[in-house]
Amino acid sequence: MASAGGFPASFYGEPGVLGLLANGISAFLVLLQNFHGARTGIPAEGVENILAGVHLILIGGVCQLVAGLLSFRKYDHLSGTSFVGYAALWASYGATRIFLGANQPSPNLVNESTTINSTLQDLLTDTSINKTDIFIKESAIAGLVPYILLSFLLAFCSATVNYIMPFVFGAITLTLIFEAVGLVAAWGLVVSGVLELLILLFAIYGSSALLIKGLAQRYVLKGFGNPLFNVLLLGTTNASSSQSLGQEKKKNTKYAEPMALGFFCDTVSPFIFAFYAFNYFPSVSVAAIWITINSAAQLLSSYYAYMRQDCYHATKFGLHCVFWLVKTWEEHVLSVNFSRDEAGEVRHAMVGNWFFVSAALVFCIASLNKDTLELIHNSFFVLVTISTISQIPIDRYYIFFGVTCSLFTLLSYYGTFARLINTIAEKSLIPVGPQPVSTESMQKYLSYLKRSKMDEPEDKGAQLPEALFYLSNGVAALSAIHNSQPGLVFFDLTVPWVLIPGAIIQAYVSRLQVQGGKRFGSVVPSFYVAIWATWTWFRFAGHRLQTSTESANGFAAGAIAFLVINAFLILVAAYSNLVLLALTTIMEVIIVCFLLSTLGRLPYQLEVAMLAIFAIICLYGMLASLVNGIFSKTLIPVGPSLIKDKKKKESETTYPCFVTNSRETSGLLKIAKLLENNGVCGIPTDTVYALAASCKNPSAIEKIYSIKDRPAEKPICICISNVEQLVATKPPFSPLLWEFMRNVYPGGISCIVPKGDWLLKLGVGPAYDRVGTRESIMIRVPDHSATAHLCEFTGPLAITSANPSGEADSTHHDMVINRLGHKIDGVLCDGESNEVVASTVVNCLKIDEGTISILREGCVPALKVRQIFERVKSNML
């Protein structure tokens with residue numbers, strides 16, 4: 001299970017330190033050049049701009065990207081979205097400076113000694129600017145404006161979390177405004193320089209506060225921990241839409257929700273395209289840099305949706321990323337090499353965009369059980385894809401495209417705000433609308449498609465990246481269709497349509513398949529990456545690369561190798577399903593056509609037919625994979641495997657230990673008996689699966705250490721059924737500690753409390769020295785009925801996570817059986833766990849001094865724990 005990998009959130013420290021410093025240092029670099037340029041009036045040129053751009057990419061882009069990625073892993077919605085978004089901004093800004101420096105003439109020898117660093121804007125407002133400088137200026141404005149709007153949004157949302165980030169993000173917003181003004185008026189650079197100084201000061205203070213907090217495990221400097229205003233003031237929970245918030249099978253708190261970042265990116269790309277479509281700047285060369293970097297950020301939102309086991313958003317943001325990239329580089333090829341009128345005639349023969357239209361319609365169907373915002377957003381994306389259909393007359397094409405991009409930008413901007421606020425509050429405060437169709441009704445309607453009960457993988461659905469796999473192949477195949485005499489312009493425009501989805505995005509899909517650990521999962525997409533890359537090289541870019549006859553013979557040899565490998569993949573697909581088998585079989589015929597094309601004997605009609613059939617299979621495969629992945633069951637049939645794995649079937653009923661269902665009382669009693677007889681068993685909890693031993697048997701607790709290879713210095717906690725068991729033993733706890741425990745139990749929080757003789761009354765008995773440390777003990781009260789009943793039968797249990805020490809937590813009983821079944825006595829099976837990460841550990845030893853510390857951030861975010869503690873503490877005063 002992909003999401004079970006990685007480390008707990010506490011391993012990632014305080015990434016906000018790196019993120020804030022990256023913003024501050026980047027602003028400081030621009031500040032120095034702004035002030036120098038304003039004072040001397042001498043603009044930077046050539047290599048100076050290149051060096052400045054490199055620094056901005058490395059510091060503001062790469063370093064801040066790392067902070068954003070760590071924030072996602074730390075379940076920090078705001079920081080993850082903000083830092084990745086600002087990383088895209090600084091990287092785009094730095095890349096623009098590099099582009100500018102590369103297109104500038106070197107300074108005259110007379111002026112070399114007096115040339116100093118200045119700003120991009122200084123050069124662009126100089127009276128000697130050329131046409132290249134003009135369109136760079138216009139492109140920069142088009143890129144800055146959406147980030148101004150989004151930065152304002154981030155500043156407002158951050159005010160609901162703390163009161164340092166609003167000042168940092170607010171200063172960035174104002175800075176971007178005056179940087180844009182500086183493109184047309186030099187005085188704007190002075191104002192932006194002052195604001196950049198404020199960014200630096202705020203960033204230094206904020207990073208210091210977070211660094212000290214990370215070291216001291218408590219807030220020392222003010223600014224974090226308390227918001228400027230409570231997020232609940234923005235509205236009340238909308239009952240009709242609250243159930244659709246997240247729309248996931250279970251709550252996943254190991255990674256922050258990436259929906260806001262996806263909508264963020266869907267605001268930037270169409271905004272820039274709208275400027276281009278309305279002919280604000282003539283060439284998309286610089287804008288292509290901004291959109292490409294922004295699309296890379298959107299691919300990250302797809303990745304983290306995948307890590308959260310969210311098939312819908314992983315595929316949706318992957319689709320949007322592919323679309324923006326393909327359109328960007330198609331327009332780049334057009335604007336650099338041809339006129340719009342010249343390309344308009346050639347575009348009539350291009351049909352690849354019809355797959356985007358079909359895929360967008362598929363998402364409209366898939367979002368019927370989401371909220372209304374998702375359905376509207378997908379509907380507007382359908383309009384965007386329709387507006388780019390190549391058969392639209394060129395005089396109406398760009399007007400239609402510009403209007404739809406503008407509308408899509410507005411909706412995405414609202415979606416960014418709604419998703420960010422609702423994920424921060426963990427409530428549906430900003431209206432997103434109810435589900436158009438209930439989940440039950442949706443499943444009922446879709447189940448009609450499956451009329452026959454074939455031998456399919458019931459209740460497992462599809463592997464998460466499969467929909468993206470079919471999507472990328474479908475776009476590449478349909479785009480590769482052409483007639484017998486397409487012309488060189490057609491070849492040039494088709495290159496991004498085949499290369500980006502077929503090779504680049506499919507390489508990302510292959511990486512996801514490796515992450516998922518699926519058998520042969522990454523082989524097919526990795527091989528198809530090579531096929532589409534080779535296809536693009538020989539068939540569409542050959543005239544640019546001047547492919548010779550000898551090279552064609554080499555491609556022919558490669559095609560023969562492709563035929564042999566794909567024959568093996570057909571055999572592999574026979575173990576999977578009919579859709580994949582049909583896909584690989586048609587690909588075999590397509591490779592034959594490619595082989596014939598290298599020999600100059602291409603049957604165009606056959607190739608067109610095979611590519612069209614291949615695309616249709618991909619569209620169906622995408623629909624089936626998406627729907628089956630969303631509902632985690634096979635609603636749309638993909639067909640049975642033709643070759644059955646008999647060994648696997650024979651081994652399914654053979655277990656290395658006793659296995660029983662948690663819903664059976666007899667099974668619960670059997671597990672309880674095993675525990676009482678000195679056994680160790682795997683049991684479900686409200687978080688991940690755990691190994692349990694009775695506190696009446698110290699030797700069983702010792703066995704847990706050997707079973708897990710757990711270091712002896714790591715203590716084991718105890719698990720009880722309810723808080724009232726503690727009350728009966730009368731431990732010397734303060735009223736504050738009692739009240740705090742009553743607010744967090746039962747649930748995914750473990751409290752470390754002082755150890756004492758009260759444990760003997762609780763029933764720990766002989767295991768007193770085997771659990772906890774000399775001074776303290778960690779107590780768990782899981783919010784899980786089967787575990788609670790088991791504790792009532794056995795008394796307190798010593799528990800720890802059911803995984804070999806240092807490996808990922810077990811989130812399904814199959815994982816416990818496969819990894820530890822041969823070492824333990826039994827497993828209480830309860831299916832998939834409610835969480836994918838263990839409990840949050842809270843040190844309450846100094847709670848009477850008014851402080852707690854988070855030793856491990858798990859399924860309950862540290863911020864939420866502190867909010868509970870502050871509320872309890874204020875109520876006790």
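Owing to the predicted nature of the structure, the values given are computational and were not obtained by experimental measurement.

Engineer: Could you give an account of the overall build of the protein chain, naming the residues involved and the relevant values?
Structural biologist: Helix and strand content of the protein chain: 32 helices and ten strands. Of all 877 residues assigned to the protein chain, the portion counted as buried reaches 59%. Expressed as a percentage of contacts within the protein chain between residues at least 6 apart in sequence, the contacts between residues at least 24 apart total 77%. For the protein chain, the accessible surface area stands at approximately 33,900 Å², while carbon and sulfur atoms represent 62% of it.

Engineer: Which residues make up the packing of helix α14 (residues 372-387) against helix α15 (residues 394-425), and what are the values?
Structural biologist: Their axes nearest at 9 Å, the elements α14 and α15 cross at an angle of 160°. By the angle class used here, α14 and α15 are roughly antiparallel. The hand of the α14/α15 crossing is left-handed. Class assignment for the residues of the contact of α14 with α15 results in 16 nonpolar, five polar and two charged.

Engineer: Requested: an account of helix α22 (residues 578-598), with residues and values cited.
Structural biologist: Across its 21 residues, α22 extends 31 Å between first and last C-alpha, which sits within 8% of the 30 Å expected from 1.5 Å per residue. If you check the start of α22, you find a side-chain oxygen 3.2 Å away from the backbone N of V579, and it comes from N577. Of the residues flanking the end of α22, it is G600, one or two places downstream, whose phi is positive at about 75°.

Engineer: Tell me about the pattern of salt bridges, and name the residues and values.
Structural biologist: As enumerated under the stated definition, the model contains 13 salt bridges in all. We note a salt bridge from E257 to R308, for which the minimum N-O separation is 3.6 Å. Separated by 51 residues along the polypeptide, E257 in the loop between α8 (239-242) and α9 (259-277) and R308 in the loop between α10 (285-307) and α11 (311-337) bring together distant segments of the chain. Overall, R308 belongs to the buried group, its relative accessible area being 4%. Between E331 and R347 there is a salt bridge; the shortest N-O distance is 2.6 Å. In this pair, E331 sits in helix α11 while R347 sits in helix α12 (residues 340-347), placing the two residues 16 residues apart along the sequence. R347 matches E331 in its accessibility class, with the two residues each being buried.

Engineer: Go over the nonpolar core, please, and point to the residues and values.
Structural biologist: Membership of the largest hydrophobic core comes to 180 residues, with the highest contact counts inside it found for Y528, W532, L583 and F614. Setting aside residues no more than four positions away along its own chain, F614 makes contact with N473, A477, W532, L583, I586, M587 and I590. Counting residues in hydrophobic clusters, the runner-up holds 57 residues, among them I701, L736, V771 and V872.

Engineer: Give me the lowdown on the sheet that holds strand β2 (residues 681-683), citing residues and values where you can.
Structural biologist: A sheet is described by the order of its strands in space; here ten strands give the open sequence β1-β8-β2-β3-β7-β4-β6-β5-β9-β10, paired in mixed fashion. A single partner strand is all that each edge strand has here, and the edge strands are β1 (658-661) and β10 (853-856). Each strand axis lies, on average, 35° off the axis of its neighbour in the sheet, ignoring direction. Of the pairings in the sheet, the one linking strand β3 (residues 690-694) to strand β7 (residues 797-801) comprises five bridges and is antiparallel in character. Bridging across to β7, A690 finds its partner in S801. With respect to the sheet, helix α30 (residues 785-794) is in contact with β2, β3, β4 (717-719), β7 and β8 (826-829), its orientation differing from that of β7 by roughly 145°. Packing of helix α32 (residues 862-876) onto the sheet brings it into contact with β5 (749-754), β9 (840-843) and β10, and relative to β10 it is tilted by some 150°.

Engineer: Would you mind going over the packing of helix α3 (residues 77-102) against α9 in detail, with residue names and values included?
Structural biologist: Interhelical geometry of α3 versus α9 gives an angle of 30° and a closest axis separation of 9 Å. Taken together, the axes of α3 and α9 lie roughly parallel to each other. Seen along the crossing, α3 lies across α9 with a hand that is right-handed. On α9, the residues that touch T81, V84 and G85 of α3 are A260, L261 and F264. By residue class, the composition of the contact of α3 with α9 is four nonpolar, two polar and no charged.

Engineer: Describe the packing of aromatic side chains, with residues and values.
Structural biologist: One pass over the structure, following the stated rule, counts 42 aromatic pairs. An angle of 50° between the planes, with centres 5.8 Å apart, marks the rings of F381 and F408 as tilted. You can see F381 sitting in helix α14 and its partner F408 sitting in helix α15, a full 27 residues away along the chain. Among the residues examined, F381 registers a relative accessible area of 2% and is labelled buried. For the cation-ring pair, K370 lies above Y312, with the distance from its terminal atom to the ring centre recorded as 4.8 Å. The residue whose ring lies beneath K755 is Y768, and the NZ or CZ to ring-centre distance is 4.6 Å.

Engineer: Could you give me a rundown of the pairing of β7, with the residues and numbers involved?
Structural biologist: β7 sits mainly inside the fold: five of its five residues count as buried. Bridge count between β4 and β7: three bridges; the pairing is antiparallel. Looking at β7, one finds that C719 is bridged to L797.

Engineer: Can you break down a nonpolar patch on the surface residue by residue, with the values?
Structural biologist: A surface patch of nonpolar side chains, about 360 Å² in accessible area, is lined by L18, V54, L58, V62 and V66. Residue contributions to the nonpolar patch peak at four residues, all from helix α2 (residues 47-73). Following the sequence through the fold, L58 ends up in helix α2. Under the relative-accessibility criterion, L58 is labelled partly exposed at 47%.

Engineer: Run through helix α13 (residues 353-366), naming residues and quoting values.
Structural biologist: The first and last C-alpha atoms of α13 sit 20 Å apart over 14 residues, in line with the 20 Å expected at 1.5 Å per residue. Within α13, ten of the 14 residues are buried, which leaves it mostly tucked inside the rest of the structure. Every buried residue of α13 is listed here: N353, F355, F356, V357, A359, A360, V362, F363, C364 and A366.

Engineer: Can you lay out the environment of A425 for me, pointing to particular residues and giving the numbers?
Structural biologist: Structurally, A425 can be placed in helix α15. Expressed as a C-alpha distance, the spacing of A425 and L234, which sit 191 residues apart in the sequence, is 9.9 Å.

Engineer: How would you explain unusual backbone geometry if you had to name every residue and give the values?
Structural biologist: In this structure, the amide linkage connecting Y745 to the following residue, P746, adopts the cis form with an omega of -10°. Inspection of the secondary structure puts P746 in the loop between α28 (735-744) and β5. One non-glycine residue, K730, adopts positive backbone phi at about 55°. One can find K730 in the loop between α27 (723-729) and α28.

Engineer: Describe a negative patch on the surface, listing the residues and the values that go with them.
Structural biologist: On the surface, D341, E342, E345 and D395 cluster together to form a negatively charged patch. Among the structural elements, D341 can be located in helix α12.

Engineer: Account for the confidence of the model for the protein chain, with residues named and values stated.
Structural biologist: Mean pLDDT over the protein chain works out to 84, with 87% of the residues at or above the 70 mark. Mean pLDDT across the secondary structure elements of the protein chain bottoms out at helix α4 (residues 120-124), with 44, and peaks at α14, with 96. Between residues 107-129, whose pLDDT stays under 50, and residues either more than four places distant or in other chains, the model counts 61 contacts. Low pLDDT, under 50, characterises residues 239-251; the stretch is placed with 34 contacts to residues that sit more than four places away or in other chains.

What counts, and at which threshold
- Residues numbered from 1 in each chain as written.
- Predicted model: local features only at pLDDT ≥ 70, side-chain atom pairs only at ≥ 80, totals over all residues.
- Heavy atoms only, no water.
- Helix = DSSP H or I, 4+ residues; strand = E, 2+ residues; numbered from the N terminus.
- Buried < 20%, exposed > 50% of the residue type's maximum accessible area, 1.4 Å probe, protein only.
- Contact = heavy atoms within 4.5 Å.
- Areas by Shrake-Rupley, 256 points an atom, 1.4 Å probe, with all protein chains shown as cover.
- Axes fitted to C-alpha atoms, helices over the stretch in contact; angles between N-to-C directions.
- Parallel < 35°, antiparallel > 145°, perpendicular 65-115°, else oblique.
- Left-handed = near helix turned anticlockwise from the far one by under 90°.
- Nonpolar A, V, L, I, M, F, W, Y, C, P; charged D, E, K, R; others polar.
- Expected span 1.5 Å × (residues − 1).
- Polar contact = N/O pair within 3.5 Å; in protein donor to acceptor, adjacent residues only side chain to side chain.
- Salt bridge = Lys/Arg side-chain N within 4 Å of Asp/Glu carboxyl O.
- Core = buried A, V, L, I, M, F, W, Y, C linked by side-chain atoms within 4.5 Å.
- Pairing = 2+ DSSP bridges.
- Phe/Tyr/Trp six-rings, centres within 6.5 Å; stacked < 30°, edge-to-face > 60°.
- Lys NZ or Arg CZ within 6 Å of the ring centre and 35° of its normal.
- Patch = residues over 30% accessible without salt bridge, like charges linked within 9 Å, V, L, I, M, F, W, Y side chains within 5 Å.
- Lys, Arg positive; Asp, Glu negative; His and termini not counted.
- Charge placed at Lys NZ, Arg CZ, Asp CG, Glu CD.
- pLDDT = per-residue confidence, 0-100.

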